[in-house]
Amino acid sequence: MATLPTSRVCVWDASTLMEPHCKRRKTEEPKDACPWQVVPVLSERELQSVTLMPVYAAPVLDKKQASRLVKEVSALYPLGDYPHLKRVRSCGSVNSSHPLEIILCLAGGKDKQSLQTALELFPDHQLDLSGLGEPFLTQVPVNPPLTRLQYEEAASHWPVTFHENKRISQALSGCLFTAAEKTSMQSHMELAIQAAQNGARQGMKPVGAVVVDPTTGRVLAVGHDCRNGVNPLLHAAMVCIDLVACGQGGGAYDYQDYPSCTFLPLADSSNQTSSCADGLPYICTGYDMYLTREPCTMCAMALVHSRIERVFYGAPSPHGALATNYHIHSCKDLNHHYVVYRGILEDQCRNLSQISVLK
Ligand SMILES: [Zn+2]
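Residues numbered from 1 in each chain as written. Predicted model: local features only at pLDDT ≥ 70, side-chain atom pairs only at ≥ 80, totals over all residues. Heavy atoms only, no water.

*Asks:* What is the right way to read the packing of helix H8 (residues 236-247) against helix H9 (residues 297-305) from this model?
*Replies:* At their nearest, the axes of H8 and H9 sit 8 Å apart, and the two run at 25 degrees to each other. Taken together, the axes of H8 and H9 are roughly parallel relative to one another. Between H8, through Ala237, Met238 and Ile241, and H9, the contact on the second element is made entirely by Met298, Cys299, Ala302 and Leu303. (Axes fitted to C-alpha atoms, helices over the stretch in contact; angles between N-to-C directions. Helix = DSSP H or I, 4+ residues; strand = E, 2+ residues; numbered from the N terminus. Parallel < 35°, antiparallel > 145°, perpendicular 65-115°, else oblique. Contact = heavy atoms within 4.5 Å.)

Put into structure tokens, the structure is as follows:
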């Protein structure tokens with residue numbers, strides 16, 4: 001276990017650190033105080049376009065029969081696996097001879113897709129067909145829409161219900177974070193950039209990371225990539241997770257040679273929720289990580305294991321696992337998901353890769 005001498009343990013206070021910066025920025029750049037954009041990294045499910053499946057529908061010729069038909073058809077062919085599908089659509093605005101159309105049943109079966117009559121679909125007088133027109137095949141969305149974009153696409157095929165995720169909608173329209181929050185994000189990313197530059201001066205890859213407790217705004221750890229040292233696995237995110245562990249009295253590595261890798265000791269961050277002391281074993285529960293560039297698969301998985309809450313990164317990476325190659329943060333089969341935003345100080349973070357590594 002590595003314990004740093006107290007003189008080298010940094011105690012930052014995000015609020016005092018930020019103030020002079022944002023005041024200066026305001027006077028220097030009155031028009032565009034924030035030249036970067038924070039963009040949500042959606043899951044594959046949120047990004048995919050709408051998948052369709054065939055169903056039999058039929059016109060309702062007599063509106064008076066509509067509620068009876070809905071009731072009887074729903075009893076015979078419930079759409080239990082597809083609760084987002086509305087059974088009936090209105091044809092009022094379309095140039096249509098009938099007022100409504102109703103989904104009769106799925107047409108997924110092997111030999112079911114040759115056009116059938118209402119009598120074939122409802123043999124043995126299961127259904128009183130009065131008021132119902134001849135069935136036709138149509139396509140409806142398989143999955144409930146998760147974003148407004150998916151909703152609009154889905155609804156163009158057949159009416160669906162949509163439980164809007166406010167966070168995603170606000171994030172996509174760029175109004176999820178307040179100016180104060182963006183200022184704080186910027187100051188944390190600036191710390192990560194600084195760490196990356198300090199690491200590069202020591203011959204490391206210019207990648208930096210910062211872990212913040214968002215409930216207090218306190219920086220718990222600052223680290224940079226150390227893979228060019230003794231351990232090739234010490235990517236910035238791995239280092240930063242380990243530094244948080246150091247702050248909790250754990251940690252696996254020794255940062256003697258890397259003075260820019262620092263942490264806030266447990267005693268100074270008593271508000272934290274995931275300390276070993278209160279019995280929660282996960283190192284980063286509830287915390288945010290700022291990374292100058294998109295983490296690789298190993299680091300993205302380490303962030304799953306340590307139960308990070310949110311990740312903010314600056315620039316994408318060709319080996320990235322949080323958008324570029326994978327969406328590890330939202331992998332359906334993993335037992336922890338985290339929220340990812342990219343684009344914070346993107347230009348500065350991108351420029352870090354231009355720093356030539358010494359040695
Ligand atoms: Zn990595």
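*Asks:* Can you walk me through the nonpolar core in this structure?
*Replies:* Membership of the largest hydrophobic core comes to 40 residues, with the highest contact counts inside it found for Met289, Leu291, Ile308, Val311, Leu322 and Tyr338. Elements with a contribution of two residues or more to this core: strand E6 (208-213), strand E7 (218-224), H8, strand E9 (288-293), H9 and strand E10 (310-315). Tallying contributions element by element places H8 first for this core, with eight residues. Setting aside residues up to four positions removed in sequence, Leu322 forms contacts with Val41, Glu294, Pro295, Ala300, Val311, Tyr313, Ile328, His329, Tyr338 and Val340. Counting residues in hydrophobic clusters, the runner-up holds 23 residues, among them Val210, Val222, Phe312 and Ile344. (Core = buried A, V, L, I, M, F, W, Y, C linked by side-chain atoms within 4.5 Å. Buried < 20%, exposed > 50% of the residue type's maximum accessible area, 1.4 Å probe, protein only.)

*Asks:* Can you help me understand the coordination of the zinc ion in this one?
*Replies:* Each pair of donors in an ideal octahedron of six around a metal sits at 90 or 180 degrees, and each pair in an ideal tetrahedron of four sits at 109.5 degrees. Surrounding the zinc ion are the protein donor atoms His235 (ND1), Cys296 (SG) and Cys299 (SG), which sit 2.0 to 2.3 Å from the metal. Sequence spacing of the donors to the zinc ion: H-x60-C-x2-C. Linking His235 in the loop between E7 and H8 with Cys296 in the loop between E9 and H9, this pair joins segments that are 61 residues apart in sequence. Comparing His235 with Cys296 shows no difference in burial state: the two are buried. (Donors = N, O, S within 2.8 Å, 3.2 Å for Na, K, Ca; no water.)

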